[in-house]
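One letter stands for each residue in the lines below.
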Amino acid sequence: MMRANSMRWMFLILLVDSMLWLPAKIQAAGPIGTWQLLVNSAGIASMHTAVTRFNTAVMLDRTNIGPSQIKLPNGRCRVNPVDQVLKTDCTAHSVMLSLSNNGIRPLFIQTDTWCSSGQFLADGTLLQTGGNLEGALKIRRIAPCASTGTCDWVEDPNTGLADPRWYATDQLLPDGRVIVVGGRGVFTYEFVPKAAGEGTFALPFLAATNDAQNDNYYPYVHLLPNGNLYIFANRDSIELNYITRTVVRNFPTIPGEPRNYPSAGSSVLLPLDGPSGYQTAEVMVCGGARAGAFRNPTAQFPTSLTCGRIVITAAAPAWAMSNMPMRRCMGDMIILPSGEVLIINGAGRGSQGFGFASDPVLNPVLYNPGQLTFSILQATTIPRVYHSTANLLPDGRVLVAGSNTHLFYTFTGAFPTELRVEAFSPPYLDTSFNARRPQITNVPAIVRHGQTFTVVFTVPGQLTALEMNLLSAPFATHSFAQGQRFLRLKLAAAVRVGGTSYSVAVTAPPNGIIAPPAYYMLFPVTQGIPGNAAWIRITN
């Protein structure tokens, strides 16, 4: 009996060492957010979305599906002899949305971008990689412009990817290159651009996390403060030194369900804190689908209820688990300028796949990482399930688009192809907070790593708990915002310069490891209430 008890206690100790349960609570109701229909028809169902520094959003679907609902301009048509549905297609499969007037401008893509990946480069160009069929090896770029401009997609005619990348993940690196990780049946990574003679590099971890239904597509990739990459696939994760091509650390398996496509939950790197030297990196993973749900879609199993947090930089990392207010698969996790995490879109049963989910989750939830609380927010009336997206906007709203559970555009039956575009206003945008809302009036357009720069801003009421938070513009697709990053910058004491106007000295992130060179949104925040962001370029 004594031996049995001692073994039982040893088991419990081992369990606690690798997993803790956090008592997450449902927070009392306050302002719960509002929804606004921006566009009744964007012409396409946006499978991939990215917000640009010109107050526009690039929205991208796929080809090989026949016509969309918006024509290319000036009689232009896409001629592609290998297109499987429409060899001559005079409709657009990408558009640019103006966030100032909600106008839509068609864009031109030549090859299939189905389930592709992307990332903004240091100069603001949007890099887009891979896809399916004839698009799997392609590299595309668009140099964003104002809504009145004529910028468009350009396919690289001379250089492509070394391996076909369908369901891969991109991450901007400190030196300005992009690493492209994984894909369907592809257990490698590569770089764009490549060094002379460079090819691909094997990543056995991806093969090890592959299962009968391939729960390792779109791996979650986060750049850590030491320059290594945290990569999560299925239920496991590693720390990869991509320079030496070595796995330097393996992390405990997250409890519960598979978490990547086709069982997709989502993941964020929680805010990196400048006042403490950006030393602590913590990752959060929420949602997913029951193991085997994708292979048995008729069962419509309930989706995951859990979130896990793990401090990657801890001496002995362990998953700390908590329950969400509701089950969710295909939820998008967006870090808001307040430091809270919005979980939005998704389904309560099934998995990713065409027609494989039901019970749409219409209510977003707001997670407070410091208080460990969830708040249930205002529901939408539009289901956003497979192939939907969510992106933070510079005014603090969240752009919500897409949802197509059908192989082709289908406007009848359950979950018709969704062309409407919405914006969700989180609770912090409630007008009752306007007396606390700061607004930037002057900031440099370009800031070097490590530079101390001055931000001038106004606050109508008392100035309390000031933050200047730097947020990236990620590439959102398949429930993961590739390249999403939040940096809480180091500040001096703010100085009143007259009336409601203040000046504060802000220290930029020290290097490209903390902030890869790119355009970022700088949000002023007081008492958790953000003002509009100013776009700034962070350079080496």
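This text follows the structure it describes.
Just so you know, these numbers come straight off a predicted model, no measurement behind them.

Cut-offs applied
Residues numbered from 1 in each chain as written. Predicted model: local features only at pLDDT ≥ 70, side-chain atom pairs only at ≥ 80, totals over all residues. Heavy atoms only, no water. Helix = DSSP H or I, 4+ residues; strand = E, 2+ residues; numbered from the N terminus. Rg over C-alpha atoms; globule rule 2.2 N^0.38 Å. Buried < 20%, exposed > 50% of the residue type's maximum accessible area, 1.4 Å probe, protein only. Contact = heavy atoms within 4.5 Å. Areas by Shrake-Rupley, 256 points an atom, 1.4 Å probe, with all protein chains shown as cover. Disulfide = S-S within 2.5 Å. 1 Å grid on protein atoms, 1.4 Å probe; cavity = no way out; pocket = protein on both sides within 12 Å on 5 of 7 lines; lining within 4 Å. Points joined across faces, edges and corners; volume = space filled by probe spheres on them. Nonpolar A, V, L, I, M, F, W, Y, C, P; charged D, E, K, R; others polar. Salt bridge = Lys/Arg side-chain N within 4 Å of Asp/Glu carboxyl O.

*Asks:* Where do I start with the overall build of the protein in this structure?
*Replies:* Looking only at helices and strands, the protein features two helices and 48 strands. The C-alpha atoms of the protein give a radius of gyration of 22 Å, which matches the 24 Å a tight globule of 540 residues would have. If you line up the protein on its principal axes, its C-alpha atoms span 75 × 60 × 50 Å. Looking at the 540 residues of the protein, the share that counts as buried comes to 59%. A sequence separation of at least 24 residues applies to 62% of the contacts in the protein between residues at least 6 apart. Carbon and sulfur atoms provide 56% of the accessible area of the protein, an area that totals close to 19,700 Å².

*Asks:* Which parts of the structure should I look at to understand unusual backbone geometry?
*Replies:* Most peptide bonds take the trans form, and the phi angle of most residues other than glycine is negative. That bond from valine 192 to proline 193 is cis: its omega, -5°, falls within 30 degrees of zero. Mapped onto the elements, proline 193 comes out in the loop between strand E16 (188–192) and strand E17 (201–202). Residues tyrosine 261 and proline 262 are joined by a peptide bond in cis, for which omega reads 5°. Residue position: proline 262 is located in the loop between strand E21 (246–250) and strand E22 (266–269).

*Asks:* Looking at this structure, how should I read the state of the cysteines?
*Replies:* Formally, a disulfide is one covalent bond, and it connects the sulfur atom of one cysteine to the sulfur atom of another. Summed over all chains, the structure comprises three disulfides. One disulfide in the model links cysteine 77 with cysteine 90; its S-S distance is 1.8 Å. Here cysteine 77 and cysteine 90 share a disulfide; its torsion about the S-S bond, 90°, makes the bridge right-handed. Residue cysteine 77 is located in the loop between strand E5 (56–60) and strand E6 (78–79), and its partner cysteine 90 is located in the loop between strand E7 (88–89) and strand E8 (94–98); the two are separated by 13 residues in the primary sequence. The disulfide partner of cysteine 286 is cysteine 307, and the S-S distance across this bridge is 2.0 Å. Disulfide cysteine 286-cysteine 307: torsion about the S-S bond near 115°, hence right-handed.

*Asks:* Looking at this structure, how should I read the layout of surface pockets?
*Replies:* The gaps of empty space that remain are located by a probe, the size of a water molecule, rolled over the atoms. Approximately 620 Å³ is the volume attributed to the largest pocket. Of all the elements in the fold, those that place two or more residues in the lining of the largest pocket are strand E31 (365–368) and strand E32 (373–376). A breakdown of the residues in the lining of the largest pocket according to their chemical character gives 14 nonpolar, ten polar and four charged.

*Asks:* Mind showing me how you'd approach the pattern of salt bridges here?
*Replies:* Side chains carrying opposite charge are able to pair once their charged atoms draw close together. Tallying each qualifying case throughout the model produces 17 salt bridges. Arginine 62 is paired through a salt bridge with aspartate 112; the nearest N and O atoms lie 3.9 Å apart. Of this pair, arginine 62 sits in the loop between E5 and E6 while aspartate 112 sits in the loop between strand E9 (104–107) and strand E10 (117–120); the two residues are 50 residues apart in sequence, bridging distant segments of the chain. For the pair shown, arginine 62 and aspartate 112 are each scored as buried. Measuring nitrogen to oxygen at the nearest pair gives 3.0 Å for the salt bridge that ties arginine 165 to glutamate 190. Residue arginine 165 is located in the loop between strand E13 (154–155) and strand E14 (169–172), and its partner glutamate 190 is located in strand E16; the two are separated by 25 residues in the primary sequence.

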